[in-house]
Amino acid sequence: MRAVLMAGGSGTRLRPLTCDLPKPMVPVLNRPIAEHIVNLLKHHGINEVIATLHYLPDVFRDYFQDGKDFDVVMKYSVEEDQPLGTAGCVKNIEQMLDDTFVVISGDSITDFNLQEAIAFHREKKSKATLILTRVPNPIDFGVVITDSEGKIQRFLEKPSTSEIFSDTVNTGTYILEPEILEYLPLQEEADFSQDLFPLLLKQEEPMYGYIADDYWCDVGNLETYREAHYDALDGKVNLKFPYAETAQGIWIGENTYIDPTALVESPCLIGSHCRIGSRAKIRGGTIIGDNVTVGDDAELNRPIIWNGVIVGEEASVSACVIARGTRIDRRSQILEGAVIGQLCNIGEESQINTGVRVWPSKRIESGAILNINLIWGNIAHRNLFGQRGVTGLANIDITPEFAVKLGAAYGSTLKPRSCIVVSRDQRSVSRMVSRSFIAGLMSVGIDIQNLESTAIPISRTMSPHLDVVGGVHVRLHPDRHDYILIEIFDANGINISKAKEKKIEGAYFKEDLRRVQAMDIGNMSYPSQVLETYRDTFEKHLNINAITNSNTKIVIDYVYSVSGAILPQLLARFGCDAVVLNATLRQRAISNTERENLLFQLGHVVEALKANFGVQVSANGELLILVDESGIQIRGEELTALMVNTILTAHPRSTVVVPVNTSSAVEQIARRHDGKVIRTKANPTAIMEATQHSHNVVLGGSGDMGFIFPQLHPGFDAMFTIAKLIEMLTVQERSLTQVRSELPLVCHKSISLRCPSKVKGSLMRYLVETELQEKLELIDGVKIIQRHTDNWVLILPDAGEPLIHIYANSDSREWVDEHLQIYRSKVQEFILTQQII
């Protein structure tokens, strides 16, 4: 049997260790990861290995050559120009695969029993068998669900936190029959998980998952890289050690001298030709490469030290990674989580602080204290994008330097001379960040259409009119007013997909940033007639006669942010009386308490002026809260139901799109009007996409997100919502109070529980496995539905915080209270059990 060893990875998340080394050649226990994989294959009788290479292929070929020194036959396939993806590179060697073969990743540490997996594959007569395992946090892996026979039912590649429905993941190790490669096109990029396996599932080809209980660690980042070493020393994985075990838990290479006064604790590994000085302390968990010198009185506490490193006298090195050839001078300190690239020089009494990365061949002056990465930009985050764009503390996480680099990363994913529309709110910090972002875009040859301070609904409206490929809007976060939110959207004004987010993150982390010559720097222009264009689009989708004849009086509270103040001008054109409150700009963000006080005051003003209704506009023109003529607030689920009722009265037999956690009042209203409800994942991008791409949709969103009118533009727009509401109430001859009185009485409650992120995946799997399948809905989280009723419970992991949200919905308050308590207890007990384990 042959094996295909996927060894083309560049290991961007292991930088700076992989700047001159492909990821499979990074050492674990002083031997390349790929060598441990070759040993595993050989142990299970697989002696012919075909390595697919792309990044620095000569490093791999020079080490393994023809494989003779490793008792295997090694062949190579090099992707010279463009990488073909995990499946495309295997398709490329199709002529070498004439029987059942194994595909295995070259960047993971495992001791899978491959013979058992192959026997399972043959027993099931499977065309493709995925070796699966269970992990605490599946967010970085492909999640898989199988039936009781192991047949694959569903999988999702690298889900967001709220999409997790199992903790059983794809390990990147497969047993395949050669005929499945016929489904792939030649010389085209293709991925097993994203392209081939979904196609096999659709074609109903027999595809199984073999769940392995053996050790597996995807060496995907620096944390898991260290973890793999410590697990190997602790015996959690069965690897071949390169040196003899001279004492229990201590492995030492040949020709190594350890001073008798030195302290060496187990477990540890010390390579060949090393020198350990007097009174040096080698603590348990330490890995030392070949040809390493450790000075007198130095202390090594669980570091991973590569070949040829010199550690000076009295130096302290703790739980970090030091690449080959680096010199650490006396009394220097390198703290936990730091990574030093190859051939660096760390000066005397200098300090590299926790988590700092130093790129190769850098020199740290004596006495220096390094708190940031020694590369262009600030610290590298694990992920840039959250559930809604890029967020972080203003001027701490989201700094000018960060924004420049993010802009350059985004621009580098676009063709040179592409054009982007950029806008922001009126805050000074947003101006600072947007200007920095623009600088990054222009530096990689991207042209800018700068709308400056503009409400985001106007920016989304303008995108199709300006011939741009995308847009960026910078503002204070609607829910966290010390945070900045950067949203990137496509040419149609829809927030970009997860795939595009990953592409931008790849350019950012990889430092793969285009640089253009001075004459190719991007240009910036300032479009004219922006408000006029929005006004014309706005008016085109309204019944102007109805609004003009309505004699409506409304009160608008702008909460000291003037975004969207165009609305009173528009309404005045239609003969409406709009009284504006708090429209002056404050640079300091308004707290939630202040906002509630302003809302209370708005109710009094509406009553005093005998206005038709009041509205508080926030989130840069996206969100609103209504106040009826009696001063009663309408928000959240009630606002969602009111808007659905009003729009379906105006447009019966139409479709509305709402998030999965919305109350069942919307279905009850839709049934009255012969309408249809589409539920999506509880994030803005999903709502936007479904609203644009579904048939006959007249409204999307919710009271907590805002409302989308797809004929206008694909984003949330509080201004148009207000005008449309005036139109519909006038035509229907109803007031907000009358509409409220018609809404179904539904009890909809929620609670939130603390839940460690690593437990979320196993919790979702537990719920899927313990609830009746016919009662489950897995749009987002796990929804348990009581058949033939509108009663349901939804358990939804929070996309950003370590929280689980539990929603209960029913016509009966008693049912809601009872089931909230049932599932609260169930979730808490499971979390407690996992923490004890």
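Each remark here, short or long, concerns the structure printed above.
Described below are features of the structure shown in this document.

On a plain count of helices and strands, the protein comes out with 21 helices and 56 strands. Here the protein has a C-alpha radius of gyration of 30 Å; the compact-globule value for 837 residues is 28 Å, and the two agree. Its C-alpha atoms give the protein principal-axis dimensions of about 95 × 65 × 50 Å. Per-residue burial over the protein gives 59% buried out of 837 residues. Of the contacts formed within the protein by residues at least 6 apart in sequence, a portion of 59% connects residues at least 24 apart.

Enumeration over the complete set of coordinates arrives at 17 aromatic pairs. Relative to phenylalanine 437, the ring of tyrosine 410 has its centre 6.4 Å away and its plane inclined at 55 degrees; by these criteria the two rings are tilted. One end of the pair, tyrosine 410, is in helix α7 (residues 400-412); the other, phenylalanine 437, is in helix α8 (residues 428-443), and 27 residues separate them in sequence. Using a relative accessible area of 0% as the deciding quantity, one classes phenylalanine 437 as buried. Note on tyrosine 534 and phenylalanine 538: the rings are 5.5 Å apart at their centroids and 55 degrees apart in plane angle, and the pair reads as tilted. Here tyrosine 534 pairs with phenylalanine 538, and both are found in helix α11 (residues 530-540), just four residues apart, close to one helical turn. Among the residues examined, tyrosine 534 registers a relative accessible area of 0% and is labelled buried.

Two faces make up the sheet, and in a regular strand the side chains alternate between them. Where strand β4 (residues 48-53) meets strand β5 (residues 73-78), six bridges bridge the pair, whose relative direction is parallel. Note on β5: the bridge partner recorded for leucine 53 is valine 78. For the handedness criterion, the β-α-β arrangement of β4, helix α2 (residues 57-64) and β5 is classed as right-handed.

Looking now at the pairing of strand β54 (residues 782-785). Sheet topology note: the strand β53 (residues 776-777)/β54 ladder contains two bridges and is antiparallel. When the sheet's bridge partners are listed, leucine 776 is paired in β54 with isoleucine 784. What sits between β53 and β54 in their antiparallel hairpin is a turn of four residues, with glycine 781 showing a positive phi close to 70 degrees. As judged from the four bridges shared by β54 and strand β55 (residues 792-797), these two strands associate in the antiparallel manner. Within the sheet, the bridge partner assigned to isoleucine 784 lies in β55 and is valine 793.

Counting residues in hydrophobic clusters, the biggest one holds 63 residues, and the most contacted among them are Leu5, Leu29, Phe60, Ile109, Tyr225 and Trp306. With six residues, helix α1 (residues 33-43) is the single largest residue contributor to this core. Not counting residues up to four positions away in its chain, the partners in contact with leucine 5 are Ala34, Ile37, Val38, Val49, Ile50, Ala51, Thr52, Phe60, Ile104, Ser105 and Gly106. Among the nonpolar cores identified, the runner-up in size contains 60 residues, and Ile556, Ile566, Ile634 and Ile722 belong to it.

Moving on, we get to the pattern of salt bridges. Summed over all chains, the structure comprises 39 salt bridges. One salt bridge in this structure joins glutamate 349 and arginine 331, with 3.4 Å as the shortest N-O distance. With glutamate 349 in the loop between β31 (345-346) and β32 (351-352) and arginine 331 in the loop between β28 (327-328) and β29 (333-334), this pair connects stretches of sequence that are 18 residues apart. Glutamate 349 sits in the partly exposed class, given a relative accessible area of 45%. Residue arginine 331 is classed as partly exposed on the basis of its relative accessible area of 37%. With a shortest N-O distance of 3.3 Å, aspartate 628 and arginine 740 are connected by a salt bridge. Placement of aspartate 628 in the loop between β46 (623-627) and β47 (633-634) and of arginine 740 in helix α19 (residues 736-742) is noted, with a sequence separation of 112 residues between them.

Among the residues of helix α13 (residues 566-573), Ile566, Leu567, Pro568, Leu570 and Leu571 are the ones counted as buried. Here the buried face of α13 lies against α9 (456-462), α11, β43 (553-557), β44 (577-581) and α18 (718-732). Looking one or two places after α13, you find glycine 575, whose phi comes out positive at around 85 degrees.

It is the contact of α1 with α2, at a shortest axis distance of 11 Å, that shows an interaxial angle of 50 degrees. Looking at the two axes, α1 sits oblique to α2. As α1 packs across α2, the resulting crossing turns out to be right-handed. Side by side, α1 and α2 meet where Ala34, Glu35 and Val38 of the first sit next to Phe60, Tyr63 and Phe64 of the second. Taken together, the residues of the contact of α1 with α2 sort by class into five nonpolar, no polar and one charged.

Conventions and cut-offs
All residue numbers refer to positions counted from 1 along the written sequence of the respective chain. Only residues with pLDDT of at least 70 get local features here, since the model is predicted, and only at 80 or more are side-chain atom pairs given and counted; chain-wide, interface and lining totals rely on the full set of residues. As a rule here, side-chain values come from all non-hydrogen atoms in the structure, and water together with hydrogens is ignored. Helix and strand assignments follow DSSP, with helices taken as H or I runs no shorter than four residues and strands as E runs no shorter than two, numbered in order from the N terminus. We take the radius of gyration over the C-alpha atoms and set the globule estimate at 2.2 Å times the residue count to the 0.38 power. The buried label goes to any residue with under 20% of its type's maximum accessible area, the exposed label to any with over 50%, and the partly exposed label to all in between, with areas taken from a 1.4 Å probe on protein chains only. Whether two residues are in contact is decided by their heavy atoms: any pair within 4.5 Å suffices. Here is the rule: rings of Phe, Tyr and Trp (six-membered ring for Trp) pair when centre to centre is within 6.5 Å. Planes less than 30 degrees apart are stacked, more than 60 are edge-to-face, and the remainder are tilted. Pairs of strands are assigned from DSSP output, requiring at least two bridges between the strands. With the strands pointing away from the viewer, any crossover whose connection runs clockwise from the first strand over the helix to the second is right-handed. In this description, a nonpolar core means a group of buried Ala, Val, Leu, Ile, Met, Phe, Trp, Tyr and Cys residues linked to one another through side-chain atoms lying within 4.5 Å. By convention in these notes, a salt bridge is any Lys or Arg side-chain nitrogen within 4 Å of a carboxyl oxygen on Asp or Glu. Geometry is summarised by axes, namely lines fitted to C-alpha atoms with helices restricted to the contacting stretch, and by angles between N-to-C directions that run from 0 to 180 degrees. Note on angle classes: values under 35 degrees are labelled roughly parallel, values over 145 roughly antiparallel, values of 65 to 115 roughly perpendicular, and the remainder oblique. Helix crossings get a hand from a simple test, with the near helix turned counterclockwise from the far one by less than a right angle marking a left-handed crossing and a clockwise turn marking a right-handed one. When residues are grouped by polarity, Ala, Val, Leu, Ile, Met, Phe, Trp, Tyr, Cys and Pro land in nonpolar, Asp, Glu, Lys and Arg in charged, and all others, Gly among them, in polar.

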